[in-house]
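Read off the chains here:
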Amino acid sequence: MNIPVYLDNQATTRVDGRVIEAMIPLMDEVYGNASSTQHEFGWRAEAAVAQARRRVAGLIGALPEEIVFTGGATESVNIALKGVARGHRAGGRRIITAGTEHHAVLDTCRRLEREGFEVIRVPVDRYGMVDPEDVRRAMTPGTILVSIMAANNEIGTLAPVEALGALCREHGVLFHTDATQAAGKVPIDMHAMHIDLLSFSAHKMYGPKGVGALAIRGGPPAIRVIPLFDGGGHERGIRSGTLNVPGIAGFGVAAEIAADVMSEESSRLSGLRDRLVEGVSEALEGVRVNGHPTLRLPHNANLLFPGANADAVMMAMKDIALSAGSACSSASPEPSHVLRAIGLTREETLCSLRFGLGRFTTEEEIAYTIGRVNETVRTIASKTGTKSGPKSGPNAEMSRTNAQSVH
Ligand SMILES: *Cc1c(COP(=O)(O)O)cnc(C)c1O
């Protein structure tokens, strides 16, 4: 067993050995520029990119020519939202999203508000689920884009993507989904689900960091996306810049493996995840699963341990790599916007931990984790003297004060 045990697979994943194998020659002897059409070096690099494009497209039911390779999901989301908004300004100013999105979407939408777009954030229920009816009600003739994530990175809740896609299609509104956590983990068929634009990233599915894709549905009618940067016109002019050939090839292999093992891996990991949840729920009082009980990622469990501060638990348990909320915002003292949006008090958000299992998680590691969590949480919760949930008592004041800053 490897110590520390890695249970932070929603932040990033270990690169699969088969991916590394495939990448090495593309940094070594096959080092050509994929745009060099005059010689063997370029042809071989281009062939590697073309193969990866087919594999990445295959994972999400897209056509190879619908894939734009990017530097990761943050970049894909920025191109999708800003590119569509700026390209469709004449059709209206309204964008619909949800408050539980990743910062890549939230902060891009905020930027677009400063440019004069109107962003509507639909609510989610206590499981983090968006109701398509709320999206329908928010639609106006001036609505140009809906962006709802396929799977939440903190609580794992899966969105009703197909229903949202059908609704958007019916109203002639473009539909983007941030599928960074869903791709390679749950089946996605971009066309069957009426998804117009889809963002995802290699490093969340056992591929390398710094490479991602934006799938843009082909026409007719073609979707107008204004590029973020200008240059050599790579990727159909949507993402100029010399292609990251090794990264893209690695992404391709990661996508192919994910498609192959998805159903087997998801049943293995959901089994381990359930064992973890049972193991801690049986031993500790008041443990709650944050997120949807069934419509959820197979390998994620976001758990609330009443009275046990998550930072204190993680500090006392350095042999297990976990996260409270998302990696991207954990540097800031703000409690998770996702957990606040599903109705947790500030105190409850601070007592919630995310367990992200992955391809390399073993039974032994889960058994070890159950034991360590049980002893650590018990010790910390007994010091705080709270066992049945911190909704009342000394923490109530804190929750009330901070409720004002909720958005
Ligand atoms: C990780 C993540 C991103 C950002 O992806 P990068 O490739 O790291 O830029 C965006 N959205 C979600 C849901 C994520 O989990």
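Residues numbered from 1 in each chain as written. Predicted model: local features only at pLDDT ≥ 70, side-chain atom pairs only at ≥ 80, totals over all residues. Heavy atoms only, no water.

**What about the site of the ligand?**
Taken together, Gly72, Ala73, Thr74, His102, Met149, Asn153, Asp178, Thr180, Gln181, Ser201, His203 and Lys204 make up the full set of residues adjacent to the ligand. Aspartate 178 places a polar side-chain atom, nitrogen or oxygen, 2.6 Å from a nitrogen atom of the ligand. Contact distances for the ligand include 2.9 Å between an oxygen atom and a side-chain N or O atom of histidine 203. Within the complex, the protein chains bury 88% of what would otherwise be the 380 Å² of accessible surface of the ligand. Taken together, the residues that form the shell around the ligand break down as two nonpolar, eight polar and two charged. (Near = heavy atom within 4 Å. Polar contact = N/O pair within 3.5 Å; in protein donor to acceptor, adjacent residues only side chain to side chain. Areas by Shrake-Rupley, 256 points an atom, 1.4 Å probe, with all protein chains shown as cover. Nonpolar A, V, L, I, M, F, W, Y, C, P; charged D, E, K, R; others polar.)

**Quick notes on the sheet that holds strand E12 (residues 352-356)**
One open sheet accounts for three strands, arranged E9-E10-E12; its pairing is antiparallel. A strand with exactly one partner marks an edge of an open sheet, and here the two such strands are strand E9 (288-290) and E12. Geometrically, the sheet is characterised by an average inter-axis angle of 35° between neighbouring strands, direction not taken into account. Alignment of E9 against strand E10 (residues 300-304), held across three bridges, turns out to be antiparallel. (Pairing = 2+ DSSP bridges. Helix = DSSP H or I, 4+ residues; strand = E, 2+ residues; numbered from the N terminus. Axes fitted to C-alpha atoms, helices over the stretch in contact; angles between N-to-C directions.)

**Re the domain arrangement of the chain**
By domain assignment, the chain separates into domain 1 (5-10 + 262-404) and domain 2 (17-257). Domain 1 and domain 2 are separated by 29 Å when their C-alpha centres are compared. Listed as interface residues are 30 residues of domain 1 and, on the opposing side, 31 residues of domain 2. Buried surface at the junction of domain 1 and domain 2, summed over both partners, amounts to about 2500 Å²; 60% is from carbon and sulfur atoms. Taken together, the links from domain 1 to domain 2 amount to zero salt bridges. Counting across the domain 1 and domain 2 interface gives 10 residue pairs in polar contact (both at pLDDT 80 or more). When residues of the side of domain 1 that touches domain 2 are traced back to their parent elements, those giving at least two are helix H7 (245-283), E10 and helix H9 (337-341). (Domains from an automatic or database assignment. Contact = heavy atoms within 4.5 Å. Buried area = accessible area lost by both parts, 1.4 Å probe. Salt bridge = Lys/Arg side-chain N within 4 Å of Asp/Glu carboxyl O.)

**Brief notes about the pairing of strand E2 (residues 67-70)**
Side chains Ile67 and Phe69 project from E2 onto one buried face, and the interleaved Val68 and Thr70 project onto a second face that is buried too. Sheet topology note: the E2/strand E8 (residues 212-216) ladder contains four bridges and is antiparallel. Across the sheet, residue isoleucine 67 finds its bridge partner in E8, namely alanine 215. (Buried < 20%, exposed > 50% of the residue type's maximum accessible area, 1.4 Å probe, protein only.)

**Description of the pairing of strand E3 (residues 94-98)**
Of all the five residues making up E3, five are buried; the element is thus mostly covered by neighbouring parts of the structure. Burial along E3 is two-sided: the residues Arg94, Ile96 and Ala98 and Ile95 and Thr97 are all buried. In this fold, E3 hands off to helix H4 (residues 103-114), which returns the chain to strand E4 (residues 118-122); that crossover is right-handed. Pairing of E3 with strand E5 (residues 143-147), which is carried by three bridges, proceeds in the parallel orientation. Within E5, the residue paired with isoleucine 95 across the bridge is leucine 145. (Right-handed = clockwise from strand over helix to strand, strands pointing away.)

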